[in-house]
Amino acid sequence: MQRVDDLDQLARPYAEALVDALKSEGKLSSPLVEAAFKQIPRHPFIDHFFLLETHDRRIQWQQVQPSTVQNTDAWLRAVYANQPVVTAFDEYNTPTSSSSSPDAMALMLEASELGPGLRVLEIGTGTGYNAALLAHIVGDPHKIFTVEIDAALARRAQHILDRVAGEGITVCTGDGLHGYAPDAPYDRMIATGSYHKVPLDWLDQLRQGGILLMNLRGHLGACAFLKIVKAGPRRTANGTFLGGSDFMELRDTQFPSNRVTDLVAQYLGRPTVAQRLLTCAEFDPSLLWDHRLEFLLQLSFPEMYFTSVHTDPMCPCLIDVTSDTMLVFRPMERQGEWLVEIKGQEQLWNKVTKAYRGWVDTGRADLDAYHLEIDSTGKQRVRLANKDGRYERIWMLP
C-alpha cells in the first residue's frame, strides 16, 4: 500500500464521488455537512471490515483488509461505498460495531441542525469517523464528546481522531445509555446505535431547545430515525419519526436482549394448542417483513420477536415473551392460504389480528405518521395519526 499522504490523495476522488452520489440521490443538501464529507477522509478510520460469506453451508464473517483486495483502488472503492461496514462481532456472530452508511450519517447530521460552536455528545464512537465529521461541522474538536462501551475501540478512535480531526475531541469509555454527565448540558446529541426507548439520562443532559437524533428499535427489529426536541421543563420533549433505518442495538449491560435462536429452541418443541386456517385477506404473514407492520407490532407487543424457523418449508414465526406464546405461520398448497399454529395462549393471536386490522384501516401507516411525546417525568408515549389528522392510537413505551 502507498504511504499515508499518497493514500489521502488517491482517496480524494472517491470521497468526492460519494458526495456527488449522496447529493444526486437527495440524501445530502447541507453545505456544512457536504464540506465535512469532502474534507474528512473515511479510510483512516477503517483499516478492515467483515463481510458475511457462506462456506460449506456455514455462514461466517470474512475479514477484508487492504492486503486481501486486488489493489489500492479496489480498497478505496469499498471504503467509500455508500454502505455500512461491520468492524467487529461477538461470539454469536452478531455485529457489535460498525461504520454507518454515509447516507444514514448524512440524514442524522442534517436533521440535527448542527452549526458552528455547538456542543455535541455522540453515543457510540465506533471507528470515530462520525465524531470527526461532527468536529468539522461545529468547527472545534473541543466541542465534541463521544462515548464508547468498548475500551479498545475507544482507544483506537481517540488515536485516529487526534491525527485526523485534531486534538480536543473527548472519547470516553463507558455505557452510552447513561450519556456523559461531566460535560453536560449539550446542544445536540446523536446516538449511532438503536434502543427501544429514549434513555432519560440523555434528556437530562440535553439543554432546553436542544435536539437529539437517535434510532428507536424494538425486539421485532423495526428501526426508525427519531428526531427529538427538548421543550422543557425538565424532560418534556416532542419527537418526529423521519423514516426507517437499519442500526444495530446499543448494548444494555443491565438488560441484555434475548437471543432469538435461544427463544426458537425454547418454544418450537412445545405442543400446538390451536390451529387457524387463514387467507391473506385476513392476515398476510408475508407482510411481517414490512417495516411498517413490524413497527406497529413492536409498539403493541414490546416483548415480541420475529424470525423464521428452518422447517420444510421455511416458516415465519412470532414469539411473545410476555404471553409465553409462539405463532408459527405455515404456507398451504393453495395460493394465499396459511395455517397458523398457536403454541401457548390463543388470546395472543386475537390481539395480533386486531392490531393488524387496525394498521390496515390506517392505510398501512408509514413511520412518519407516528409522533413521540415525553412528559416532564419522562413517561413516553407514541401516537399514530390517521389521515384526517386526528390521533387514534396511543402506546406507552416500556
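Residues numbered from 1 in each chain as written. Predicted model: local features only at pLDDT ≥ 70, side-chain atom pairs only at ≥ 80, totals over all residues. Heavy atoms only, no water.

Some points on the sheet that holds strand β15 (residues 325-331)
Part 1 of the reasoning: One open sheet accounts for five strands, arranged β12-β16-β15-β14-β13; its pairing is antiparallel. Only two strands of the sheet have a single partner each, and these edge strands are β12 (274-279) and β13 (304-309). Direction aside, the axes of adjacent strands within the sheet are offset by 20° on average.
Part 2 of the reasoning: Note that β13 and strand β14 (residues 315-320) share six bridges and pair antiparallel. The partner of Ser 308 across the bridge, within β14, is Pro 316.
Part 3 of the reasoning: Most of the contacts of helix α8 (residues 260-267) go to β13, to which it runs at about 75°, and overall it touches β13, β14, β15 and β16 (337-343).
Part 4 of the reasoning: Packing of helix α10 (residues 346-361) onto the sheet brings it into contact with β12, β13, β14, β15 and β16, and relative to β15 it is tilted by some 65°. (Pairing = 2+ DSSP bridges. Helix = DSSP H or I, 4+ residues; strand = E, 2+ residues; numbered from the N terminus. Axes fitted to C-alpha atoms, helices over the stretch in contact; angles between N-to-C directions. Contact = heavy atoms within 4.5 Å.)

Looking at the pattern of salt bridges
Part 1 of the reasoning: For the coordinates displayed, the defined rule picks out 15 salt bridges.
Part 2 of the reasoning: Linking Arg 276 and Glu 346 is a salt bridge whose minimum nitrogen-to-oxygen distance equals 2.5 Å. Pair noted here: Arg 276 is in strand β12 and Glu 346 is in helix α10, with a separation of 70 residues, a long-range link.
Part 3 of the reasoning: Shared partners join several salt bridges into a network, and the residues in it are Lys 23, Glu 34 and Lys 38. (Salt bridge = Lys/Arg side-chain N within 4 Å of Asp/Glu carboxyl O.)

Observations regarding the pairing of strand β7 (residues 170-173)
Part 1 of the reasoning: Bridge count between strand β6 (residues 144-148) and β7: four bridges; the pairing is parallel. Paired with Glu 148 across the two strands is Thr 173, which belongs to β7.
Part 2 of the reasoning: With helix α6 (residues 151-164) bridging β6 and its parallel neighbour β7, the resulting β-α-β unit is right-handed. (Right-handed = clockwise from strand over helix to strand, strands pointing away.)

Looking at helix α3 (residues 72-79)
Part 1 of the reasoning: Among the residues of α3, Thr 72, Trp 75, Leu 76 and Val 79 are the ones counted as buried. Projected down its long axis, α3 carries its buried residues within an arc of 95°, all on one side.
Part 2 of the reasoning: Between the side-chain oxygen at the start of α3 and the backbone nitrogen of Asp 73 there is a gap of 3.2 Å, and the oxygen is on Asn 71. (Buried < 20%, exposed > 50% of the residue type's maximum accessible area, 1.4 Å probe, protein only. Arc of directions from axis to C-beta. Polar contact = N/O pair within 3.5 Å; in protein donor to acceptor, adjacent residues only side chain to side chain.)

Some thoughts on the packing of aromatic side chains
Part 1 of the reasoning: A full pass over the atoms with the stated rule returns 14 aromatic pairs.
Part 2 of the reasoning: Taking 5.8 Å as the distance between ring centres and 45° as the angle between the ring planes, the aromatic pair formed by Phe 45 and Tyr 129 counts as tilted. Here Phe 45 is found in the loop between α2 (31-39) and β1 (49-55), whereas its partner Tyr 129 is found in helix α5 (residues 129-138), with 84 residues between them in sequence. Across the pair, Tyr 129 and Phe 45 agree in class, each one buried.
Part 3 of the reasoning: Against the face of Tyr 267 rests Arg 270, its NZ or CZ located 4.2 Å from the ring centre. (Phe/Tyr/Trp six-rings, centres within 6.5 Å; stacked < 30°, edge-to-face > 60°. Lys NZ or Arg CZ within 6 Å of the ring centre and 35° of its normal.)

Points about the environment of Arg 383
Part 1 of the reasoning: Tracing the backbone through its elements, the reader meets Arg 383 in strand β18 (residues 380-385).
Part 2 of the reasoning: The exposure class of Arg 383 is buried, given its relative accessible area of 16%.
Part 3 of the reasoning: The sequence separation of Arg 383 and Gly 193 amounts to 190 residues, and the corresponding C-alpha distance is 23 Å.
Part 4 of the reasoning: In terms of polar contacts, Arg 383 uses its side chain to reach the side chain of Glu 373, at 3.0 Å.

Here's the deal with the state of the cysteines
Part 1 of the reasoning: Considering all chains together, one arrives at zero disulfides under this definition.
Part 2 of the reasoning: With no disulfide of its own, Cys 315 has Cys 317 as its nearest cysteine by sulfur position, at a separation of 8.5 Å. (Disulfide = S-S within 2.5 Å.)

What about the environment of Arg 234?
Part 1 of the reasoning: Along the chain, Arg 234 turns up in the loop between β10 (223-230) and β11 (237-245).
Part 2 of the reasoning: Once the C-alpha coordinates of Arg 234 and Leu 299 are considered, the two residues, 65 residues apart in sequence, prove to be 25 Å apart.
Part 3 of the reasoning: In this view, Arg 234 contacts Ser 376 and Thr 377; residues no more than four positions away in its chain are not counted.

Brief notes about the side chain of Ser 101
Part 1 of the reasoning: Tracing the sequence through the fold places Ser 101 in the loop between β4 (95-99) and α4 (102-111).
Part 2 of the reasoning: Within the structure, Ser 101 has its side chain in polar contact with the side chain of Asp 103 (distance 2.6 Å).
Part 3 of the reasoning: Leaving out residues up to four positions away in the same chain, Ser 101 has contacts with Asn 82, Gln 83 and Pro 84.

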